[in-house]
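Listed here are the chains, written in short residue letters.
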Number of protein chains: 2
Amino acid sequence: MSDMLTTGATIGILGGGQLGRMLSVAASRLGFKTCIFEPAGDCPASHVANYHFQASYDDHDALRKFAESVDVVTYEFENIPTEALDVIEAIKPIRPNRKTLAVSQDRLVEKAFLNELGLKTAPFAAVDDATDLAEAIAEIGTPAILKTRRFGYDGKGQARIMSPDDAEAALADMAGAPAILEGFVDFSHEVSVIAARGLTGEVCCFDPGENVHKNGILDTTTVPANLTGMQTADAVLLAGKILNKLDYVGVMGVELFVTRQGLIVNEIAPRVHNSGHWTQNGCTVDQFEQHIRAVAGWPLGDGKRHSNVVMENLIGDDVDGIPEIAKSGDAIHLYGKADAKPGRKMGHVNRVTGPAN
Amino acid sequence: MSDMLTTGATIGILGGGQLGRMLSVAASRLGFKTCIFEPAGDCPASHVANYHFQASYDDHDALRKFAESVDVVTYEFENIPTEALDVIEAIKPIRPNRKTLAVSQDRLVEKAFLNELGLKTAPFAAVDDATDLAEAIAEIGTPAILKTRRFGYDGKGQARIMSPDDAEAALADMAGAPAILEGFVDFSHEVSVIAARGLTGEVCCFDPGENVHKNGILDTTTVPANLTGMQTADAVLLAGKILNKLDYVGVMGVELFVTRQGLIVNEIAPRVHNSGHWTQNGCTVDQFEQHIRAVAGWPLGDGKRHSNVVMENLIGDDVDGIPEIAKSGDAIHLYGKADAKPGRKMGHVNRVTGPAN
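All values derive from a computational prediction rather than experimental measurement.

Draft legend 1. Representation of the overall build of chain A. Across its full length, chain A holds 11 helices and 17 strands. By its C-alpha atoms, chain A is 60 × 50 × 40 Å across when sized along the principal axes. Within chain A, the proportion of its 357 residues that are buried is 60%. Counted over contacts in chain A with a minimum sequence separation of 6, partners at least 24 positions apart contribute 62%.

This is the structure in structure tokens:
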């Protein structure tokens, strides 16, 4: 147990958004302090973390001081500049590891990694220019979707290609960034598995949740998901395969399409995930604490679900509904963001729909 | 709903211990910032609160600045100096109110208040000197217990009187402070009701928990408690009577002795209460969020229990058991205290024993 951090240890978190905020809260339950690194002031995590290094990711001096002041470093987003990671890793361990980031920061590398593991993905091809794109469309067909290889989230950096005529405009949307063309997958619904792996290699998955998106942003996650027992087993096994192959430590979100040909991996996120927020009111140990347990070298919680839950995101002015929602008995989680801009995740609501079944 | 605080509002909390810590965390879930006022540095609540006024309660300038920087003031302990409250109340509302503090800060005033409401208490008498004590013993009999009227908690400031021979030593223990002699109550067990009252007068009670003490400190709380339906109804009704009479806003802990003659009120605590910690893993809205909802003018959560729970305090070096407990799947709540002194509350564990029944 020598690697198990104890009360008073400090967990460093790269990123100060709502995921960092809820990680900080979970860390406090286990007696840890948290220190966030985030360029923005008055960010959601800064309200609950012990310390806030407000500095840029290219400020290596600040990164060094940050790393020296903590016991272990984790992150709430995957697009951290490589040089920043180099600076930190020379001083303190980063969990999940660099190998994972290298895979998940690039859609092309990620899909190739998954295929090598024997897991199915959408058909894909690298696209660097118009020639590549024409060849890729010829191979994959339309409809398809062109995405930047890096730095995409919540539908940003994506363009649909319904017919070859859309190719030029889609490529222009990439603004010269290396891209990937992905074929459409004929799926009935999307589920995700929130999986965790501890420092000593044990793997634990929460029950899969069923996701519905609106305008490219997650809208609801429902547990239990509509899956057969065999599909559920398959989802858990493939998540375990991914985590083990990466020597992963922490929580990962694995998004899956349910198709007649089986489960197809949409994408992986090496962090706590919006589609795992239901665990806050459905499990004794939620995804945030599970992640903290893993990076702190603690035994994992057992992932058991005590309640059925529907998680609903509050996007933009959805948050104006809070006075009514507050009367409902549903669990409210707000992120402390002052400005309800359109498309901005302001909070979420977990509606407990009954005991787990 | 004009009194309902919204995201970005700041809740001031007097006291920076574990209750303030868990109140801060609950406030963050609803989008609030917290500002604690606490003379000690590196206190449990400072790890998760936005701001920490580290100043003495007789520093009126600091109290004024504190009050000006927040939207409403609440507290995690009842023994706040009256003058400090005067300074604050001139600037911002204090919830629960001053009337409640006047009652609960003095055991004698509290028992008289409860009796006036028609509620049963242990027999009692005021004791200022040896003559009072001799008369009180003659009236109440032995065994009895001599307590300071003010500033007692966790069995401190108390002396047992098994026979009149113990009177002199017991009085010496009071060190000249005004005291109260309380007769022993022949009870089968102790339960407590965690009750809440909102700004608009609605009352909501969590299910009563059954408490077991060790060395004068709460050891375990178990829900459901061993009570008949009639006793449960009685417990809820008497708690409501107390809260309504005080125009109370917030969560109150009401400790009750179960006797053949019915329920007898042991004491009331105008704050979140150790015997309500089980709600963190037994209810969707726990006692901490319920208190924040009340003081922020929000509708209360419905208090519904989804799981049965045994809460166990980690006192002093109990906390050394954490590596083992972490394997169990039980919910761990640590307070971030560095020093495991004997008798010190270091954390607690909530063991979910099954779905609510």
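Draft legend 2. Representation of the relation of the copies chain B and chain A. Superposition of chain B onto chain A requires a rotation of 180° combined with a translation of 0.0 Å along the rotation axis, giving an RMSD of 0.0 Å. In short, the pair behaves as if placed about a two-fold rotation axis. When C-alpha distances to the rotation axis are compared across chain B, the minimum falls at valine 48 of chain B, with a value of 2.2 Å. When the interface residues of chain B are mapped onto chain A, 100% of them again lie at the interface, so the same face is used by both copies.

Draft legend 3. Spotlight on the pattern of salt bridges. Tallying each qualifying case throughout the model produces 34 salt bridges over all chains. For glutamate 89 of chain B, the salt bridge goes to arginine 98 of chain B, with nearest N and O atoms at 3.0 Å. Arginine 351 of chain B is the salt-bridge partner of aspartate 330 of chain B, the closest N and O atoms lying 3.5 Å from each other. Highlighted residues: aspartate 330 of chain B in the loop between α11 (322–325) and β16 (331–334) and arginine 351 of chain B in strand β17 (residues 345–355), separated in sequence by 21 residues. Judged by relative accessible area, aspartate 330 of chain B falls into the buried class, the value being 13%. Accessibility expressed as a relative area gives 34% for arginine 351 of chain B, which makes it partly exposed. Salt bridges sharing partners connect three or more residues here, namely Arg29, Asp286, Glu289 and Arg293 of chain A.

Draft legend 4. Quick peek at the packing of aromatic side chains. Residues and elements named next belong to chain A. Inspection of every chain in the model, using the stated rule, returns 16 aromatic pairs over all chains. Taking 5.9 Å as the distance between ring centres and 80° as the angle between the ring planes, the aromatic pair formed by phenylalanine 53 and phenylalanine 66 counts as edge-to-face. Within this pair, whereas phenylalanine 53 is found in strand β3 (residues 51–53), its partner phenylalanine 66 is found in helix α2 (residues 60–68), the two being separated by 13 residues in sequence. Residue phenylalanine 53 is classed as partly exposed on the basis of its relative accessible area, which comes to 21%. Here the aromatic residues Phe37, Phe53, Tyr57, Phe66 and Phe77 are joined through ring pairs into a cluster of three or more.

Draft legend 5. Expanded view of unusual backbone geometry. Residue proline 143 of chain A is bonded to the preceding threonine 142 of chain A through a cis peptide linkage, with omega at -5°. Note on placement: proline 143 of chain A falls in the loop between α6 (130–140) and β6 (144–148). Phi at aspartate 42 of chain B is positive, roughly 45°, even though this residue is not glycine. As for its position among the elements, aspartate 42 of chain B is in the loop between β2 (33–37) and β3 (51–53). The phi dihedral of asparagine 215 of chain B falls on the positive side, at around 50°, and the residue is not glycine. Within the fold, asparagine 215 of chain B resides in the loop between β11 (209–214) and β12 (217–223). Look at asparagine 215 of chain B and you get exposed, because its relative accessible area is 75%.

Draft legend 6. Structural view of the side chain of lysine 147 of chain A. Residue and element names in this part refer to chain A. Mapped onto the secondary structure, lysine 147 falls in strand β6. The exposure class of lysine 147 is buried, given its relative accessible area of 7%. Here the side chain of lysine 147 touches glutamate 182 through a polar contact of 3.0 Å, side chain to side chain. Setting aside residues no more than four positions away along its own chain, lysine 147 makes contact with Arg107, Gly157, Gln158, Met174, Ala179, Ile180, Glu182 and Asn266.

Draft legend 7. Structural detail: the pairing of strand β5 (residues 124–127) of chain B. Residues and elements named next belong to chain B. Alternating positions in β5 separate cleanly, Ala125 and Val127 being buried on one face and Phe124 and Ala126 remaining unburied on the opposite face. Summarising the sheet, β5 and strand β8 (residues 179–183) pair through 4 bridges and their orientation is antiparallel. Its bridge partner being in β8, valine 127 is matched across the sheet by alanine 179.

Draft legend 8. Broad picture of the interface of chain B and chain A. With 37 residues of chain B in contact, the opposing surface of chain A contributes 37 residues. Here chain B meets chain A over a buried area of about 3100 Å², counting both sides, of which 59% is carbon and sulfur. When the area that chain B buries against chain A is broken down by residue, the three leading residues are Arg29, His47 and Thr284 of chain B, summing to 15%. Joining chain B to chain A, the criterion identifies 2 salt bridges. Aspartate 42 of chain B is the partner of lysine 33 of chain A in a salt bridge, and the nearest nitrogen-oxygen pair spans 2.9 Å.

Draft legend 9. How the structure looks around the sheet that holds β2 of chain B. All names here are of chain B. The strand order β3-β2-β1-β4 describes an open sheet built from 4 strands, whose pairing is parallel. Single-partner strands in this sheet number two, and they are β3 and β4 (72–75). For this sheet, the mean inter-axis angle between neighbouring strands, taken without regard to orientation, is 25°. Bridge count between β2 and β3: 3 bridges; the pairing is parallel. Looking at the pairing, cysteine 35 lines up with tyrosine 51 of β3.

Draft legend 10. Structural view of the pairing of β8 of chain B. All names here are of chain B. Summarising burial for β8: 5 of the 5 residues are buried, a large majority. Burial of β8 is two-sided: the residues Ala179, Leu181 and Gly183 facing one way and the residues Ile180 and Glu182 facing the other way are all buried. One ladder, built from 5 bridges, connects strand β6 (residues 144–148) with β8; its direction is antiparallel. Across the sheet, residue lysine 147 finds its bridge partner in β8, namely isoleucine 180.

About the criteria used
- Residues numbered from 1 in each chain as written.
- Chains lettered and ligands numbered in written order.
- Predicted model: local features only at pLDDT ≥ 70, side-chain atom pairs only at ≥ 80, totals over all residues.
- Heavy atoms only, no water.
- Helix = DSSP H or I, 4+ residues; strand = E, 2+ residues; numbered from the N terminus.
- Buried < 20%, exposed > 50% of the residue type's maximum accessible area, 1.4 Å probe, protein only.
- Contact = heavy atoms within 4.5 Å.
- Least-squares fit on C-alpha atoms with pLDDT ≥ 70 in both.
- Salt bridge = Lys/Arg side-chain N within 4 Å of Asp/Glu carboxyl O.
- Phe/Tyr/Trp six-rings, centres within 6.5 Å; stacked < 30°, edge-to-face > 60°.
- Polar contact = N/O pair within 3.5 Å; in protein donor to acceptor, adjacent residues only side chain to side chain.
- Pairing = 2+ DSSP bridges.
- Buried area = accessible area lost by both parts, 1.4 Å probe.
- Axes fitted to C-alpha atoms, helices over the stretch in contact; angles between N-to-C directions.

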